[in-house]
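A look at the structure
Residues per chain, in single letters:
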Amino acid sequence: MKHKQSYIMAIDQGTTSTRAMIFDRKGEVASSAQEEIKAYYPKPGWVEQDANEIWLSVLGVMASALLKGDIAADQIHGIGITNQRETTVVWDRHTGRPVHPAIVWQSRQTADICQELIKAGHESAFRAKTGLLVDPYFSGTKIKWILDHVEGARERAERGDLLFGTIDSWLIWKLTDGKSHITDYTNASRTLMFNIYELKWDEELLELLGIPAAMLPEVRSSSEIYGKTAEHLYFGNGIPIAGIAGDQQAALFGQACYTKGMAKNTYGTGCFMLMNTGSEPIVSKHGLLTTIAWGIDGGVEYALEGSVFVAGSAIQWLRDGMRMIKSAADSELYAARVSSTEGVYVVPAFVGLGTPYWDSETRGAVFGLTGGVKKEHFIRAALEALAYQTKDVLKAMEEDSGIALTALRVDGGVVRNNLLMQFQSDMLQVPVERPVVNETTALGAAYLAGLATGFWKDRDEIRQVWRLETSFEPNMDESRRNELYSGWKKAVQAARAFK
Ligand SMILES: Nc1ncnc2c1ncn2[C@@H]1O[C@H](COP(=O)(O)OP(=O)(O)O)[C@@H](O)[C@H]1O
Ligand SMILES: O=P(O)(O)OC[C@H](O)CO
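Residues numbered from 1 in each chain as written. Chains lettered and ligands numbered in written order. Predicted model: local features only at pLDDT ≥ 70, side-chain atom pairs only at ≥ 80, totals over all residues. Heavy atoms only, no water.

**Here's the deal with the pairing of strand 17 (residues 289-296)**
Cut-off, in case you're wondering: The classification of residues rests on relative accessible area computed with a 1.4 Å probe and restricted to protein chains. Under 20% of the type maximum is buried, over 50% is exposed, and intermediate values are partly exposed. Under the DSSP-based scheme used, a helix requires at least four consecutive residues in state H or I and a strand at least two consecutive residues in state E, with every element numbered from the N terminus. A pair of strands is treated as paired once DSSP finds two or more bridges between them.
By the criterion of burial, strand 17 is predominantly enclosed, with eight of the eight residues buried. Sheet analysis places strand 17 next to strand 18 (residues 299-308), joined by seven bridges and oriented antiparallel. Across the sheet, residue I296 finds its bridge partner in strand 18, namely G299. Two successive antiparallel strands, strand 17 and strand 18, enclose a turn made up of two residues, where D297 displays a positive phi of approximately 50 degrees.

**Observations concerning the sheet that holds strand 5 (residues 76-83)**
Note the cut-off: Where helices are involved, their axes are fitted lines through C-alpha atoms of the stretch in contact, as for all axes, and angles between N-to-C directions lie from 0 to 180°.
In spatial order, the strands read 3-2-1-5-14-13; together these six strands make up an open sheet with mixed pairing. Because the sheet does not close on itself, it has two edges, and the strands there are strand 3 (29-36) and strand 13 (223-228). Neighbour-to-neighbour, the strand axes of this sheet turn through a mean angle of 25 degrees, independent of strand direction. Here six bridges tie strand 1 (residues 7-13) to strand 2 (residues 17-23), and the two strands are oriented antiparallel to one another.

**Observations concerning the nonpolar core**
What counts, and what does not: Each nonpolar core is a collection of buried residues, namely Ala, Val, Leu, Ile, Met, Phe, Trp, Tyr and Cys, held together in the definition by side-chain atoms within 4.5 Å. Here the bounds of each domain stem from an automatic or database domain assignment. Between two residues, a contact is recorded if the distance between any of their heavy atoms is within 4.5 Å.
Of all hydrophobic cores here, the largest spans 80 residues; its most connected members are M193, M215 and F253. Both of domain 1 (7-247) and domain 2 (256-435 + 467-498) provide at least three residues apiece to this core. Setting aside its immediate chain neighbours within four residues, M193 contacts T130, G140, I143, F164, K200, W201, D202, L205, L206, L209, I211 and L216. Judged by nonpolar contacts, the second largest core, of 56 residues, contains Y345, V347, V430 and L484.

Shown next, in the form of structure tokens:
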């Protein structure tokens, strides 16, 4: 047993997998464990997961990380929770049973509900109060869908028997054995029901969605002690739960982007670029979202966000759907065997397109096929699509913020791919900076928890810990870059025309 040393544990419940990571005071990983999570696709464009499988995976990785690191539960100073955002769970407060599978953020099954709200002229109210758009991505219409489709659910919700939560709420409710039904500002700001200026659930929006307020969790800051893990879970006398943030905001925190104008891009299942805009929310003219970066020290700070729905999941599709590769890492090996895609473009709009297009209807497409195209070109084109989508987002970000980025901090499972990171830098014409600890989402959640329990002193101390591993420098001539990117724009246009 490591002697009396204490640690912070982060639980990172992502779309693809659940991780528990145990960090020491230097922000280094002392132990970790990971489990993949299944996704179900009951109809085209629908994505669901099993909320109980998610909960069990969390228990499993917590126990494994402790055992693997030979660390006792009472050495854990606090737990920080970070989660795939927007994914919606509705469960019975008496039995703890979900009434429907979790509807995943990527799912388009509420496209009709969104169309109705837009046709009825309500979009401006949602935009003005939540900083979001009326799109199936966000939780509000997913809750409405469950209440509309599960027999008896609406009546049960009105009686106060059903609870709603994003994954953070669901996990904390389970970890505290039903004692705490809470969320934090960052997760609340992704629901389409939370007024990000007044910092409260919005009655008018709840009315428009037909959602009873009694279902909703209490909204708390992102860094405070909320409660302890329940005794029956065998984590000693209970570990304090002390940090919560949606995974993209946690990554912004873990990347130490504490100054206005600093930005990061996380390449996981999807790809999300967030720029810190300080205490001032910026309203986008180019399809970016205004969102809460974190609530800490008695106030909130805001961020501008560009959301790409399909990033790493395109690589999983190459592996599981197309069976072109055996592991995600193979994508780099194959792509490196050719020097270009020879004009092939893959538009991975499997669930529509996010920033800047916000188009639920478009589906994926491939362009430029000839008899000479091999799987190497195809794989390379799928990888390059991640970089093009990021360029679309960065352009919107620079136009809205008026800030030209001098570097982009990156993280997430996909950034292990050096070929893609180099291509990304070539496309953006800025250095792409990969930190030593690539698990910045987990690290951000750990920092939020550790600040609440006094494990770390303040953000200045954390800022010192961030360390660069590799900086990918732009190295492509302008005409080549313009030619490639304009091909992408044409491909997106053509995919959108095919509906
Ligand atoms: N070397 C690689 N090249 C490209 N993609 C990769 C590589 N390694 C992992 N990935 C992708 O990264 C994703 C997992 O990233 P992660 O940050 O764990 O996602 P999430 O937080 O959404 O669960 C998977 O979709 C996987 O396909
Ligand atoms: O699972 P990730 O890491 O791609 O993140 C999902 C986002 O939180 C969705 O908004």
